[in-house]
Amino acid sequence: MDFFWLGALSKLIATSITYPQIVIKSRQQAMSIESSVGKKKVNVWSAMAEVVQDEGFGGLYRGISSKLLQSILTAAILFASKERIYNLTKSLLTSV
């Protein structure tokens, strides 16, 4: 259970910090697709400025609840499973 909770906590922190970058990256891609006719390049700062201007700082964290649920559960199950498989393999190899 320790590894489950450590995986969940580490992913919570990591996703909370990096989520605005994920939002900006997806907005950049959407803006570059929309402006592909004019071949306008969209950089990180202009995409971030547009999000903050249109939606405020909360726009950088829109949709984070579903991303946290998905990311935290995935990491927690992965960490717990990895540790369980490691211990099982270790016990099998030491008995041989």
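Below: a short report on this structure. Predicted model, so just to flag it, every value in this text is computed and none were measured.

Rules and cut-offs
Residue positions within a chain follow its written sequence, with the count starting from 1. Given that this is a predicted model, residues contribute local features only at a pLDDT of at least 70 and side-chain atom pairs are listed and counted only at 80 or more, while totals for whole chains, interfaces and linings are drawn from all residues. Each side-chain value is worked out from all heavy atoms of the structure, with water and hydrogens disregarded. Whenever Lys or Arg places a side-chain nitrogen within 4 Å of a carboxyl oxygen from Asp or Glu, that contact is recorded as a salt bridge. Only protein chains enter the area calculation, which uses a 1.4 Å probe; residues under 20% of their type maximum are buried, those over 50% are exposed, and those in between are partly exposed. The nonpolar core is taken to be a set of buried Ala, Val, Leu, Ile, Met, Phe, Trp, Tyr and Cys residues, with the residues joined through side-chain atoms within 4.5 Å. Only DSSP runs of H or I reaching four residues or more are called helices, and only runs of E reaching two or more are called strands; each is numbered from the N terminus. Contacts are residue-level and defined by heavy atoms, with any inter-residue pair within 4.5 Å sufficient. Any pair of Phe, Tyr and Trp rings, taking the six-membered ring for Trp, is counted once the centres come within 6.5 Å. Such a pair is stacked with planes under 30 degrees apart, edge-to-face with planes over 60 apart, and tilted for the rest. In our convention, an over-ring charge means Lys NZ or Arg CZ found within 6 Å of a ring centre and within 35 degrees of that ring's normal. Residue count minus one, scaled by 1.5 Å, sets the expected span of a helix.

Under the criterion given, the structure shown has three salt bridges. Between E55 and R62 there is a salt bridge; the shortest N-O distance is 2.8 Å. Its relative accessible area of 54% is what places R62 among the exposed residues.

Let us now look at the nonpolar core. A8, Y19, V23, I64, L68, I72 and A76 form the largest nonpolar core, which has seven residues in total. Elements that contribute at least two residues to this core include exactly α1 (2-34) and α3 (64-95). When residues of this core are assigned to their parent elements, the largest contribution, four residues, is made by α3. Setting aside its immediate chain neighbours within four residues, V23 contacts G59 and L60. I24, M31, V51 and L60 belong to the second largest nonpolar core, which has five residues in total.

Under the definition given, this model contains one aromatic pair. Judged by centre distance (5.3 Å) and plane angle (90 degrees), the rings of F4 and W5 are edge-to-face. In this structure, K82 is placed above the aromatic ring of Y86, and the distance from its NZ or CZ to the ring centre is 5.7 Å.

Glancing now at the environment of A76. Its location among the elements puts A76 in helix α3. Owing to a relative accessible area of 1%, A76 belongs among the buried residues under this scheme. Taking the C-alpha atoms as reference, A76 lies 4.6 Å from A8; in sequence the two are 68 residues apart. Not counting chain neighbours up to four residues away, the residues in contact with A76 comprise F4, G7 and A8.

Okay, helix α2 (residues 44-55) next. With twelve residues, α2 should reach 16 Å at 1.5 Å per residue; the first-to-last C-alpha distance of 16 Å fits that figure. Within two residues after α2, G56 carries a phi angle of roughly 80 degrees, on the positive side.

So, to be careful, I would describe these as geometric facts and stop short of saying anything about function.
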